[in-house]
Amino acid sequence: MSIASLVLVINCGSSSLKFSLISFTDGEPVLSGLAEKLGLDEASITFKDQAGNKYSQTLPESSHLSALKILFNELNQRQLLPAVKAIGHRVAHGGSEFKQSVAINSDVIEKIRALSVLAPLHNPANLVGIEATMVLLPDVAQVAVFDTAFHQTLAPEAYTYAIPLEYQERYQVRRYGFHGTSHRYIAAEALTAFDLNPADHGILIAHLGNGSSVCAVKNGKSVDTSMGMTPLEGLVMGTRCGDLDFGAAAYIASSTGQSIESLYKMVNNQSGLYGLSGLSSDCRTLQEARSQGHARATLAIDVMVHRLTRHLGGHLTSLHRLDALIFTGGIGENSSLVRELTVKRLGVFGLQLDEEKNQQAFGGRSCVISKANSPLVAVLSTNEEKMIAMDAAAITSAL
């Protein structure tokens, strides 16, 4: 692998920093890792090289800046730092302002900061990584890649909430959608994998993980998606409830005396698979418990699948044809059970699963899992880091 030109991809969360050093030429990672528990005493950083070797170290200071300093020192010791020609940052919310990835400058930073009101848990953390990196590597071009950008092709009827329109006009209250980097990557991969006509095709993508969303893609463009103004709307997720009757939330508030802030924490951090099962937010744990007859784990998976198929069926109406249903993400790529239950419920649309192929699809294997006489159902491995690196490389090369 040539290391003449490398892209560093950075994804900053409120208490974590995920990174991947990717080759311009083949999109493969040279080094990757995660700094976690930032802000706590036990903060650490873990590195993984091309051979799969891992090692960790405790951070001297529990901060994003400390993690980046350790990362850059590691790159320097490996003589990789001079080859870093661009840095791509994942940014959660670009609002209506950003319809594509952009080179970062002071104006972009201020716009991302202003959009923090729409993503208070995500954008401020993304900015920490951007600003710290600009201090440490001021001469390297940096690019912002937005989760929301791919969905900026939604029509007004798809992104508008049925509340007084002044809230959209004055406060930007509308549906934006997320996981756009993953959906865009899968949409592009599907074109070549299934020899689709770029100008005439329709696919449904189910990105299933701790966070989950559905996207309807028509001729390469997002025309509908399940997440809304925030990543809370839509599917049942690890700890997020997804769709919830606002009347139910108001009733809970009046019955328990909880504040809006308390309810917001509940629906984001204490709900979903975790809240239903009372056991775990991890689908693998719940599948094992389900196989042993755990009633709440069984209910949690059934509710998740019911909501998923309901959204897939609804999103189908935004397409003019269905060329493929594609599963991706940690659950989508590895859970044969979730795929089996989902496709079974979608039998009304003619989808039929090949059980043997479905069982063989895990661990990043991309394959078709439907029967020959069924509309195409497939598993494709997503790669958001590669998509971010590709954008960063393209934008940097054009500067």
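Residues numbered from 1 in each chain as written. Predicted model: local features only at pLDDT ≥ 70, side-chain atom pairs only at ≥ 80, totals over all residues. Heavy atoms only, no water.

### Thoughts on the pairing of strand β14 (residues 376-379)
Put simply, the rule is: We treat two strands as partners when DSSP finds at least two bridges between them. Every helix listed is a DSSP run of H or I at least four residues long, and every strand listed is a run of E at least two residues long, numbered separately from the N terminus.
Pairing of strand β12 (residues 324-328) with β14 involves four bridges; the strand directions are parallel. Each residue of the ladder has a partner; that of isoleucine 326, found in β14, is alanine 378. Relative to β14, strand β13 (residues 367-368) runs antiparallel, the two being bridged by two bridges. From the neighbouring strand, valine 368 faces β14, where its bridge partner is alanine 378.

### Let's talk about helix α3 (residues 123-136)
An α-helical turn contains 3.6 residues, so any two residues separated by three or four positions project in the same direction. Convention followed: Multiply 1.5 Å by the residue count of a helix minus one, and that product is the helix's expected span. Partly exposed describes any residue whose relative accessible area lies between the buried limit of under 20% and the exposed limit of over 50%, with all areas from a 1.4 Å probe on protein chains only and scaled to the type maximum. Here a residue-residue contact requires only that any non-hydrogen atoms of the pair lie within 4.5 Å.
Given a rise of 1.5 Å per residue, 14 residues ought to cover 20 Å, and the 20 Å separating the end C-alpha atoms of α3 matches this to within 8%. For α3, the complete set of buried residues consists of Asn123, Ala125, Asn126, Leu127, Gly129, Ile130, Ala132 and Thr133. Contacts from the buried residues of α3 go to β1 (6-12), α1 (64-77), β6 (84-91), α2 (106-114) and β8 (141-146).

### Description of the layout of surface pockets
Short version of the rule: A cavity here means a set of 1 Å grid points, computed over protein atoms only, where a 1.4 Å probe fits but cannot escape. A pocket is an open set with protein on both sides within 12 Å along at least 5 of 7 lines, and lining residues have an atom within 4 Å of a point. Grid points are joined across faces, edges and corners, and a volume is the space filled by probe spheres set on the points. By the convention adopted, Pro, Cys, Tyr, Trp, Phe, Met, Ile, Leu, Val and Ala count as nonpolar, Lys, Arg, Asp and Glu as charged, and the other residues, Gly among them, as polar.
Empty space within the second largest pocket amounts to approximately 960 Å³. Lining the second largest pocket are 24 residues; nearest its centre among them are Leu232, Leu244, Phe246, Ala249 and Tyr264. Tallied by class, the residues present in the lining of the second largest pocket amount to 18 nonpolar, three polar and three charged.

### Thoughts on the side chain of histidine 311
The condition that has to hold: Think of a polar contact as two N or O atoms within 3.5 Å of one another; within protein, one of them needs to be a possible hydrogen donor and the other a possible acceptor, and neighboring residues in sequence only count if both atoms come from side chains.
As for its placement among the helices and strands, histidine 311 is situated in helix α11 (residues 295-316). Using a relative accessible area of 14% as the deciding quantity, one classes histidine 311 as buried. Separated by 2.8 Å, the side chains of histidine 311 and aspartate 243 make a polar contact.

### Points about the packing of aromatic side chains
This is how the line gets drawn: Pairs were defined over the aromatic rings of Phe, Tyr and Trp, the Trp ring being its six-membered one, requiring ring centres within 6.5 Å. Orientation was assigned from the angle between planes: stacked under 30 degrees, edge-to-face over 60, tilted for the rest. Our definition puts a charge over a ring when NZ of Lys or CZ of Arg is within 6 Å of the ring centre and also within 35 degrees of the ring normal.
Tallied over the entire structure, the rule returns four aromatic pairs. Taken together, a centroid distance of 4.4 Å and an interplanar angle of 10° make the contact between phenylalanine 98 and phenylalanine 146 stacked. Of this pair, phenylalanine 98 sits in the loop between β6 and β7 (102-103) while phenylalanine 146 sits in strand β8, and the two are 48 residues apart along the sequence. Overall, the relative accessible area of 2% leaves phenylalanine 146 in the buried class. The structure contains a cluster of three or more aromatic residues connected by ring pairs, namely Phe19, Phe47 and Tyr55. The ring of tyrosine 159 carries the charged tip of arginine 174 above its face, separated from the ring centre by 3.8 Å. Sitting above the plane of the phenylalanine 362 ring, arginine 365 keeps its charged end 4.2 Å from the centroid.

### Overview of the pattern of salt bridges
For clarity, the threshold we go by: Here, a salt bridge means any side-chain nitrogen of Lys or Arg that lies within 4 Å of a carboxyl oxygen of Asp or Glu.
Summed over the entire model, instances satisfying the criterion amount to 14 salt bridges. As a salt-bridge pair, arginine 321 and aspartate 323 come within 2.9 Å of each other at their nearest N and O atoms. Judged by relative accessible area, which is 18%, aspartate 323 ranks as buried. A cluster of three or more residues bridged by salt bridges with shared partners is formed by Glu97, Asp107 and Lys111.

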